[in-house]
Amino acid sequence: MSQQNPEKKEIEDATVNELFAVLSAEFGYDYTEWLDEIVALQELWQTQGYVEVYESKSHRQYGRIKDSSLKEGASPWYIGIYHARLLPNDEENDPLVVVKFHETETGELVDMKLMLDHNEIFGDKEDKRDPNKMKRIRMQIDKFVQEADAKLTK
């Protein structure tokens, strides 16, 4: 994996998808319990006017996102899907927020699709031994992201 510095992607807005609550509930998350953290992340990106995309774990920090397709075997379902840590504390891994960039007439926006745990998007140790289980996990996440994409108003 490359040790290059994070890529800065300019955005005109950061949005929370209208299906965010419904899709997050599929993974046991009540978004109202996390509303302050969701809004804080959204406001950070809006204020910055950009989102940094990192590859190397050494560049991981709050507010940056990682390409979810970099996980071995994730393609094609995770192409264009990214994830960010919702909590600013480096000790915490979960929940993650799944995001995707969308072109608009005047620029690009980053849309928060849903929140889930690391194992729910990338599988746990047992899941990773079963290619069919991993395929089902990836296809389910892709299906949810496509549903959210359909609700996105540009």
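Within each chain, residues carry numbers counting from 1 in the order of the written sequence. Local features in a predicted model are, by the rule used here, given only for residues with pLDDT of at least 70; side-chain atom pairs are given and counted only at 80 or more, and totals for whole chains, interfaces and linings are based on all residues. Heavy atoms throughout the structure, all of them, feed into the side-chain values; hydrogens and water do not.

Peer 1: Explanation requested: the overall build of the protein chain in the structure shown.
Peer 2: Starting at the N terminus, helices and strands are each numbered in turn, a helix being any DSSP run of H or I of at least four residues and a strand any DSSP run of E of at least two. Of the regular secondary structure elements, the protein chain holds four helices and seven strands. In the protein chain, the succession of α and β elements from N to C terminus is β-β-α-α-β-β-β-β-β-α-α. It is over C-alpha atoms that the radius of gyration is taken, and the globule rule equals 2.2 Å times the number of residues to the power 0.38. Computed over C-alpha atoms, the radius of gyration of the protein chain comes to 15 Å, within 12% of the 15 Å expected from 2.2 N^0.38 for 154 residues, which places it in the range of a compact globule. Projected onto its principal axes, the C-alpha positions of the protein chain cover 40 × 35 × 30 Å. Partly exposed residues are those whose accessible area sits between 20% and 50% of the maximum for their type, while under 20% is buried and over 50% is exposed, using a 1.4 Å probe and protein chains only. When each of the 154 residues of the protein chain is scored for burial, the buried share is 46%. When contacts within the protein chain are restricted to residue pairs at least 6 apart in sequence, those whose partners lie at least 24 apart make up 59%. For the protein chain, the exposed surface amounts to about 8,500 Å²; the carbon and sulfur share of it is 44%. Positive charges are assigned to Lys and Arg, negative charges to Asp and Glu, while His and the chain termini are left out of the count. A charge is said to be at NZ when it belongs to Lys, at CZ for Arg, at CG for Asp and at CD for Glu. Both charge centroids of the protein chain, one from 20 positive and one from 32 negative side chains, sit 7 Å from each other. The contact rule is simple, with two residues in contact once any of their heavy atoms fall within 4.5 Å. To measure how exposed things are, a 1.4 Å probe is used in the Shrake-Rupley method; for residues, cover is taken only from the protein chains shown.

Peer 1: Sorry if this is basic, but what is going on with the sheet that holds strand S1 (residues 7-10) here?
Peer 2: Strand pairing in a sheet relies on backbone hydrogen bonds, with the paired strands running either antiparallel or parallel. For two strands to count as paired, DSSP must find a minimum of two bridges between them. What the seven strands build is an open sheet, ordered S1-S3-S4-S5-S6-S7-S2; its pairing is mixed. For this open sheet the edge positions go to S1 and strand S2 (13-16), each flanked by a neighbour on one side alone. Strand-to-strand twist in this sheet, taken as the mean axis angle between neighbours without regard to direction, amounts to 35 degrees. Pairing of strand S6 (residues 96-103) with strand S7 (residues 108-116), which is carried by eight bridges, proceeds in the antiparallel orientation. Residue pairing for S7: leucine 96 is matched across the bridge by leucine 116. For helices, the fitted line uses only the C-alpha atoms of the stretch in contact; every axis is such a line through C-alpha atoms, and the angle between N-to-C directions lies from 0 to 180 degrees. Contacts between helix H2 (residues 35-48) and the sheet are confined to S2, strand S3 (50-54), strand S4 (65-67), strand S5 (82-85), S6 and S7, with S2 contributing the most and set at about 160 degrees to the helix. Across the sheet, helix H4 (residues 131-151) is in contact with S6 and S7; its angle to S7 comes to roughly 135 degrees.

Peer 1: Mind showing me how you'd approach the nonpolar core here?
Peer 2: A general feature of soluble globular proteins is that nonpolar side chains tend to end up buried together. Here the nonpolar core consists of buried residues drawn from Ala, Val, Leu, Ile, Met, Phe, Trp, Tyr and Cys, with membership extended through side-chain atoms lying within 4.5 Å. Among the nonpolar cores identified, the biggest contains 38 residues, and Trp45 and Ile65 are the most heavily contacted of them. Looking at this core, the elements that each hand over two or more residues are helix H1 (20-25), H2, S3, S5, S6, S7, helix H3 (118-122) and H4. For this core, the element with the most residues is H4, which contributes six residues. When near neighbours in sequence (up to four residues on either side) are disregarded, isoleucine 65 contacts Trp45, Val51, Glu52, Val53, Tyr54, Tyr82, His83, Ala84, Val99 and Phe101.

Peer 1: So what exactly am I meant to see when it comes to the environment of valine 53 here?
Peer 2: Within the secondary structure, valine 53 is located in strand S3. Separated by 27 residues in sequence, valine 53 and glycine 80 place their C-alpha atoms 12 Å apart. When sequence neighbours within four positions are dropped, the list of residues in contact with valine 53 reads Pro6, Glu7, Lys9, Ile65, Tyr82 and Phe101.

Peer 1: Just to check I follow, could you spell out the packing of aromatic side chains for this structure?
Peer 2: Planes of paired rings set the category: under 30 degrees apart is stacked, over 60 is edge-to-face and the rest tilted, where pairs are Phe, Tyr or Trp rings (Trp by its six-membered ring) whose centres lie within 6.5 Å. Overall, the coordinates contain four aromatic pairs when judged by the stated rule. Taken together, a centroid distance of 5.8 Å and an interplanar angle of 90 degrees make the contact between phenylalanine 27 and phenylalanine 144 edge-to-face. Of this pair, phenylalanine 27 sits in the loop between H1 and H2 while phenylalanine 144 is found in helix H4, placing the two residues 117 residues apart along the sequence. The class for phenylalanine 27 is buried, based on a relative accessible area of 17%. Placement of a charge over a ring requires the Lys NZ or Arg CZ to be within 6 Å of the ring centre, with the centre-to-atom vector within 35 degrees of the ring normal. Against the face of tyrosine 50 rests lysine 8, its NZ or CZ located 4.4 Å from the ring centre. A cation over an aromatic ring shows up here: lysine 9 above the ring of phenylalanine 101, its NZ or CZ 4.5 Å from the ring centre.

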